[in-house]
Amino acid sequence: MGEPRRVAIVGAGPSGIFAAQSLLGHPGIAVDLYDRLPTPYGLLRYGVAPDHTSIKGVGEALARVFESPDVRFLGLVEFGKDVTRKELLGAYDAVIYAAGAAEDAEMAVPGENLPGSDSARSFVAWYSGHPDATPFRLTGVRSVVTVGVGNVAVDVSRILCKTASELTPTDMPDPVLNELRGHVARDVWIVGRRGPQHASFTTPELRELLTLPHVQPVVHDALDEIDLTTLERRPRANVEAMKIAAERSVPDASLRLHLLFWHRPIEVEGRHRVAGITLERTALDDEGHLIGTGEERTIQCELVLRAIGYRGRALDGVPFDEVRGIIPNTVGRVTDARGRVQRREYAVGWIKRGPTGVIGTNKSDAAETVAALVADLADQPPHVLEPVEKMLRRKGLRPTWYEDWMRIDAAEAALGGRYGRARTKIASWSDLLDIARGRGPARRPTSRDL
Ligand code: NAP
């Protein structure tokens, strides 16, 4: 057998790893997974809620991909900065973009950028111990409004509703845990611009939120007016879950969780920081378009989190659909603005189809792209490629390899073990790099690290 065909994957999150896994099913292909961070796993490490430990099973399956001698992890290599599209195409037979959706949708209302108004992504990044995250201060936050009714809104609200003892077993960094333990929010609002039947959260996630102990659900909408017989399975199950929650009385509740639909944000209030959010009541017109009714209400709050969806970010030199926020593609083959296929370039995951679906959705999505790639490779004679090591040396790059990640992994497990936790995330860049480079044991992160 000749030299293996080489495939670079840009982004070592779930979609990239699923693509690598799928490529492994085809002999004679060697895969390099690149990531800007020193650690693999992307949203699995920095997006999946830390209290959702059952998803760990996916992590274990993805970790097995790196056990193959045909797969390498190269962390600390940023596409567009450390390596260009041209360089990757010069060193690999094919490149798969698996860069996810790095931008946040905006509400585009006045006051959106006041201190105390932030994206759910930033909040998730903070509690997940992302090294780039800015710390949140929750002192004095008595009421939080989350805008958007998808699973991200459910995740951040649940974390805010959980008690210290419920959060302690998670892998959150200690300073995060301390901040969340000390917070005094008594009201958490989830606000949807359309009705309960239009919410995009999935029912198990919704049910989990609505049945948290010590949390009194308050459903502000009249659910009986919704004709359940006209609804599909998920929205019907969602509305039924809300109906049960509306009947639930939690006498020892320490916190109220409000579900408010048919309201859209029109202004985040406050002079120097958030003091409230003004919403306008909405309705659907005869053609089903969302319209404002002019009726306004203001909810006092000290923190606004917008969980209204993500968008892909353009990658240097790679075609990008600005409207949809994705790399244009046909079954994963990258196309330009005129729909012409860009040879040897592919896309998977959120940058291919937009930010929808659960982690597992990326498996079939990656299989589709890989099928196209493998068919194309079979039709192409091998290219004359620059050796990858030469390219890295030429660029002065020192990636973190999988073994380096294993050191971080072991250090986080050891850190957690000291306090009876399975893991404590290390959130500071300098600690991550020291450990990855074998420059000493993990020290206990301090709040200065975050
Ligand atoms: P999402 O499901 O698309 O929800 C976005 C929400 O924001 C929708 O309710 C949308 O309302 C609303 N919205 C959009 N623009 C708005 C605006 N300008 N003003 C007010 N509301 C606005 O997105 P997501 O929650 O970010 O989740 C992304 C993906 O990750 C989803 O597929 C989700 O299922 C997945 N995820 C899964 C889990 C899990 O399985 N546990 C956890 C987290 C995320 P409209 O419907 O009216 O547009």
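Look up: the structure comes first, before these words.
This write-up is about the structure you can find in this document. (Residues numbered from 1 in each chain as written. Predicted model: local features only at pLDDT ≥ 70, side-chain atom pairs only at ≥ 80, totals over all residues. Heavy atoms only, no water.)

1. With respect to the layout of surface pockets
Just so we agree on the cut-off: Only protein atoms enter the 1 Å grid, on which a cavity is a set of points fitting a 1.4 Å probe that cannot get out and a pocket is an open set with protein on both sides within 12 Å along at least 5 of 7 lines, lining residues being those with an atom within 4 Å of a point. Grid points are joined across faces, edges and corners, and a volume is the space filled by probe spheres set on the points. Note on conventions: DSSP H or I runs of at least 4 residues are helices, E runs of at least 2 residues are strands, and numbering of each starts at the N terminus. Side-chain classes are defined by residue name, with Ala, Val, Leu, Ile, Met, Phe, Trp, Tyr, Cys and Pro counting as nonpolar, Asp, Glu, Lys and Arg as charged, and the others, Gly among them, as polar.
Size it by volume and the second largest pocket reaches roughly 650 Å³. Listed by contribution, the elements that provide at least two residues to the lining of the second largest pocket are α2 (42–46), α3 (56–65) and α14 (402–417). Partitioned by chemical class, the residues of the lining of the second largest pocket number 13 nonpolar, five polar and seven charged.

2. Things to note about the site of the ligand
Heads up, the condition is: Near, as used in this document, describes a residue that has one of its heavy atoms within 4 Å of the molecule or strand being considered. In protein, a polar contact requires one atom able to donate a hydrogen and another able to accept it; more generally it is a pair of N or O atoms within 3.5 Å, and residues adjacent in sequence count only if both atoms are side-chain atoms. Surface accessibility in these figures is a Shrake-Rupley result with a 1.4 Å probe; residues are shielded only by whichever protein chains are displayed. Note that the domain bounds reflect an automated or database-derived domain assignment.
Every one of the 19 residues lining the ligand counts as a neighbour, but N151, R193, R194, S200 and G357 are closest to it. With respect to the ligand, the backbone of V149 contributes an N or O atom lying 3.0 Å from an oxygen atom. R193 places a polar side-chain atom, nitrogen or oxygen, 2.7 Å from an oxygen atom of the ligand. Here the ligand loses 78% of its free accessible area of 920 Å² to cover by the protein chains. In terms of residue count, the dominant contributor to the shell around the ligand is helix α6 (residues 151–161) (three residues). Grouping the constituent residues of the shell around the ligand by class yields eight nonpolar, seven polar and four charged. Each of two domains, domain 1 (5–102 + 311–399) and domain 2 (106–308), supplies a minimum of three residues to the shell around the ligand.

3. Quick look at the pattern of salt bridges
Defined as follows: Salt bridge criterion: a side-chain nitrogen from Lys or Arg within 4 Å of a carboxyl oxygen from Asp or Glu. Each residue gets one of three labels from its accessible area relative to the maximum for its type: buried under 20%, exposed over 50%, partly exposed in between, using a 1.4 Å probe on protein chains only.
Tallied over the full model, the rule gives 32 salt bridges. For D365, the salt bridge identified is with R353, shortest N-O distance 3.2 Å. Linking D365 in helix α12 (residues 361–379) with R353 in helix α11 (residues 350–353), this pair joins segments that are twelve residues apart in sequence. Exposure remark for R353: the relative accessible area of 22% places this residue in the partly exposed category. Each member of the salt-bridge network shares a partner with another, and the members are D51, D155, R158, K162 and E208.

4. Digging into the side chain of T203
The condition is simple: Contact between two residues is taken to exist if any of their heavy atoms lie within 4.5 Å; hydrogens are not considered.
Within the fold, T203 resides in helix α9 (residues 203–210). Only 2.9 Å separates the side chain of T203 from the side chain of N238, close enough to count as a polar contact. For T203, the contacting residues outside a window of four places in its chain are R234, A237, N238 and A241.

5. Observations regarding the environment of V95
Summarising the element assignment, V95 is placed in strand β4 (residues 94–97). On the basis of relative accessibility, which here comes to 1%, the residue V95 falls in the buried class. Measuring from C-alpha to C-alpha, the distance between V95 and D32 comes to 9.6 Å, with 63 residues separating the pair along the chain.

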